[in-house]
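Residue-level structural notes
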Amino acid sequence: RFSMKSQATRIKPKRETSYFADFARLSGGLIHHVSPHKARIAAGFVGVAAIALTALMVQGFSSDSPSTEIQPIQLEPILTESVSIEIEVEPIAIEVDPFDGLQTEVTTVRSGESLSLIFDRMGFTPRQLYEVVSESEHGDELGRLYPGRQLTFYSNDENELVQLEYRIDALQAYHVRQTENGYESEFEVREPESYEVVRSGEIESSFYLAGQDAGLSDNLIMELAGIFGWDIDFALEIRSEDTFSVVYEDQYLDGEPIGQGDILAAEFVNQGRTYRAIRHIDAEGRSAYYTPAGESMRKAFLRTPLDVFWISSHFNPNRKHPILDVTRPHEGTDYAANSGSPIRATGDGKVASARYSPSYGNVVEIQHGQSYRTLYAHMKGFASGIRAGASVQQGQIIGYVGSTGLAQGPHLHYEFHVNGAVRNPVTVDLPNGAPLTSDEFSRFKLASADLIKLLDNPAVQYAEDSSNPGNPS
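Below: a short report on this structure.

A look at the overall build of the chain
If you tally the helices and strands in the chain, you get nine helices and 20 strands. Residue burial in the chain is summarised as follows: out of 473 residues, 38% are buried. Of the contacts formed within the chain by residues at least 6 apart in sequence, a portion of 61% connects residues at least 24 apart. As presented, the chain carries roughly 27,600 Å² of accessible surface, and 50% of it is formed by carbon and sulfur atoms.

And the structure:
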């Protein structure tokens, strides 16, 4: 509220225009230098002053005398405009470190260590271990430790275990926290940022060295060999000037590289023959590799039953037996390897026999459906559970390399039979796995189009996304 009462004063006669000019300068300067809100208040004030000044001038100019006595003027109070101001204040988020004030100790699981040994080594009691394992939801998982993984203990001044972290890798970890109701646990899975990367190489001396030169990790090199392992014998068929291209995912976490992800697509040119494979995830979440035509890269049989070997004797129907010194067909391929090397079933099937033979030594025969049969001879011994009637899966260990029977040294004699007729294991056409269904193939074609474009022209990736952090600089 503002009120003003005029005071009796003497003023000298002055030109009317001069009064108004001075008043305008005064009021204009006042309003010009204040905020809009204050200007409104000032305007009310100036209005009151204007009324008073007008009255004074009228009264003064009506007198003929040079000096006039002016009577006081009583002014009524004037209410100014009420202004309500609302100020929005954004809340300040204060981050509180849940581990502030706690003691933190990190340890790496050693070979042969159990969780009880680690708790004892870190200064925690068997009672604390029991509570963590029995009360938390993932107690069983915590008991399955592997060398090299990390455990982080958070404890207070009373040596109470407040939190335990069991990190599997950069993306997965188990967290156990102390609560009012005991220990509770959760399994954390973080999603990395992934960027498609294309790498290509040409073989000069070995596929492994060419893969390293192309920037592929050891795991990625082995995965690439596994994808094409049904079509290409990487021990015998790789040649100089063979080439390959790989589309895979470079993975980042919090802006830092954490490794190479899955192979999305790949091409291998071996002795002029081009093979391509595209990764596909079906409606049930299962992943596998297929040709661009939708045929499975996974054959019904592995090309070889050993991981590391060299061929000491090829399939030969006119071979002279090295021990008997007679011409006897060699109806298989001999793979020389270190004694005790694991032998794998080349396909799913059922053990037809697991026996000892004077010529074959320890031998296993596996029947694969109605048409195919494989034979593995001169074994040092059978794997656990391998007996007649037992079911086996492709890649399962069925025995170990030896030199039993008529053998000059440790090796595996391997035979491949089709409808009762023996075939050369190295060159026989292996049957494919199940192709994609028509519905899945439609999804596959749509999803694989960009990957095939990258295999056709790897430079497209860099032209389309030069800002991709996965791209080489």
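That covers the picture; the talk isn't over yet.
Looking at the pairing of strand E4 (residues 172–179)
Where a strand is regular, its side chains alternate between the two sheet faces. Two elements, strand E3 (residues 161–167) and E4, share five bridges in a ladder whose sense is antiparallel. When the sheet's bridge partners are listed, Arg167 is paired in E4 with Ala173. Following E3, the chain reverses through four residues before pairing antiparallel with E4. As judged from the eight bridges shared by E4 and strand E5 (residues 182–189), these two strands associate in the antiparallel manner. Opposite Arg177, over in E5, you have Glu184 as the bridge partner. The turn linking E4 back onto E5 is made up of two residues.

Description of the pattern of salt bridges
Inspection of the entire model under this criterion finds 16 salt bridges. One salt bridge in this structure joins Glu131 and Arg127, with 3.3 Å as the shortest N-O distance. Residue Glu131 and its partner Arg127 are both found in helix H4 (residues 126–135); the two are separated by four residues, about one turn of the helix. The salt bridge partner of Arg344 is Asp307, with a shortest N-O separation of 3.3 Å. Residue Arg344 is found in strand E13 (residues 342–344), and its partner Asp307 is found in the loop between strand E10 (287–290) and strand E11 (310–313); the two are separated by 37 residues along the sequence. Overall, Arg344 belongs to the partly exposed group, its relative accessible area being 24%. The class for Asp307 is exposed, based on a relative accessible area of 55%.

Let's talk about the layout of surface pockets
Put simply, the largest pocket is a space of about 710 Å³. What lines the largest pocket is a set of 22 residues, and nearest its centre among them are Ala225, Phe234, Thr304, Leu306 and Asp307. At the level of elements, helix H6 (207–213) and helix H7 (218–228) are the ones that each hand at least two residues to the lining of the largest pocket. The dominant element in the lining of the largest pocket, judged by the number of residues it contributes, is H7, at four residues. Residues of the lining of the largest pocket, tallied by class, amount to 14 nonpolar, four polar and four charged.

Let's talk about H4
What H4 keeps buried is the set Gln128, Leu129 and Val132. Considered in projection along H4, the buried side chains sweep an arc of 100° and stay on one side of the axis. Of the exposed residues in H4, those oriented more than 90 degrees away from the buried face are Pro126, Arg127 and Tyr130. Of the surrounding elements, those touching the buried residues of H4 are helix H3 (115–121), helix H5 (139–143), E3, E4 and E5.

Examining the nonpolar core
Core analysis: the largest hydrophobic core is formed by 26 residues, its most contacted members being Leu306, Ile343, Val364, Tyr376 and Ile398. Elements with a contribution of two residues or more to this core: strand E15 (361–368), strand E16 (372–382), strand E18 (397–401) and strand E19 (411–418). The residues touching Leu306, leaving out its near neighbours within four places in the chain, are Tyr335, Ala337, Pro342, Ile343, Val401 and Leu412. Among the nonpolar cores identified, the runner-up in size contains 24 residues, and Phe207, Phe268, Tyr275 and Ala277 belong to it.

Here we look at the sheet that holds E3
The antiparallel open sheet is built from five strands, whose spatial order is E1-E2-E3-E4-E5. Looking at the sheet topology across the chains shown, the edges are occupied by strand E1 (103–108) and E5. Sheet twist, expressed as the average angle between the axes of neighbouring strands with direction ignored, equals 15°. In the packing of H4 onto the sheet, contacts are made with E3, E4 and E5, and the angle to E5 comes to roughly 60°.

Notes on the sheet that holds strand E7 (residues 243–253)
Spatially, five strands are ordered E6-E7-E8-E9-E10 in an open sheet, and the strand pairing comes out antiparallel. Lying at the two open borders of the sheet, with one neighbouring strand each, are strand E6 (193–202) and E10. Taking each pair of neighbouring strands and ignoring which way they run, the sheet shows an average axis angle of 25°. In terms of strand pairing, strand E9 (residues 273–281) meets E10 through four bridges, oriented antiparallel. Across the sheet, Ile278 pairs through a bridge with Tyr290, a residue of E10. With respect to the sheet, helix H8 (residues 438–456) is in contact with E6, E7, strand E8 (256–270), E9 and E10, its orientation differing from that of E9 by roughly 130°.

Topic: the environment of Thr333
Structurally, Thr333 is set in strand E12 (residues 333–336). For Thr333, a relative accessible area of 0% corresponds to the buried category. Distance from Thr333 to Glu415, taken between C-alpha atoms, is 6.7 Å for residues 82 residues apart in sequence.

What counts, and at which threshold
- Residues numbered from 1 in each chain as written.
- Predicted model: local features only at pLDDT ≥ 70, side-chain atom pairs only at ≥ 80, totals over all residues.
- Heavy atoms only, no water.
- Helix = DSSP H or I, 4+ residues; strand = E, 2+ residues; numbered from the N terminus.
- Buried < 20%, exposed > 50% of the residue type's maximum accessible area, 1.4 Å probe, protein only.
- Contact = heavy atoms within 4.5 Å.
- Areas by Shrake-Rupley, 256 points an atom, 1.4 Å probe, with all protein chains shown as cover.
- Pairing = 2+ DSSP bridges.
- Salt bridge = Lys/Arg side-chain N within 4 Å of Asp/Glu carboxyl O.
- 1 Å grid on protein atoms, 1.4 Å probe; cavity = no way out; pocket = protein on both sides within 12 Å on 5 of 7 lines; lining within 4 Å.
- Points joined across faces, edges and corners; volume = space filled by probe spheres on them.
- Nonpolar A, V, L, I, M, F, W, Y, C, P; charged D, E, K, R; others polar.
- Arc of directions from axis to C-beta.
- Core = buried A, V, L, I, M, F, W, Y, C linked by side-chain atoms within 4.5 Å.
- Axes fitted to C-alpha atoms, helices over the stretch in contact; angles between N-to-C directions.

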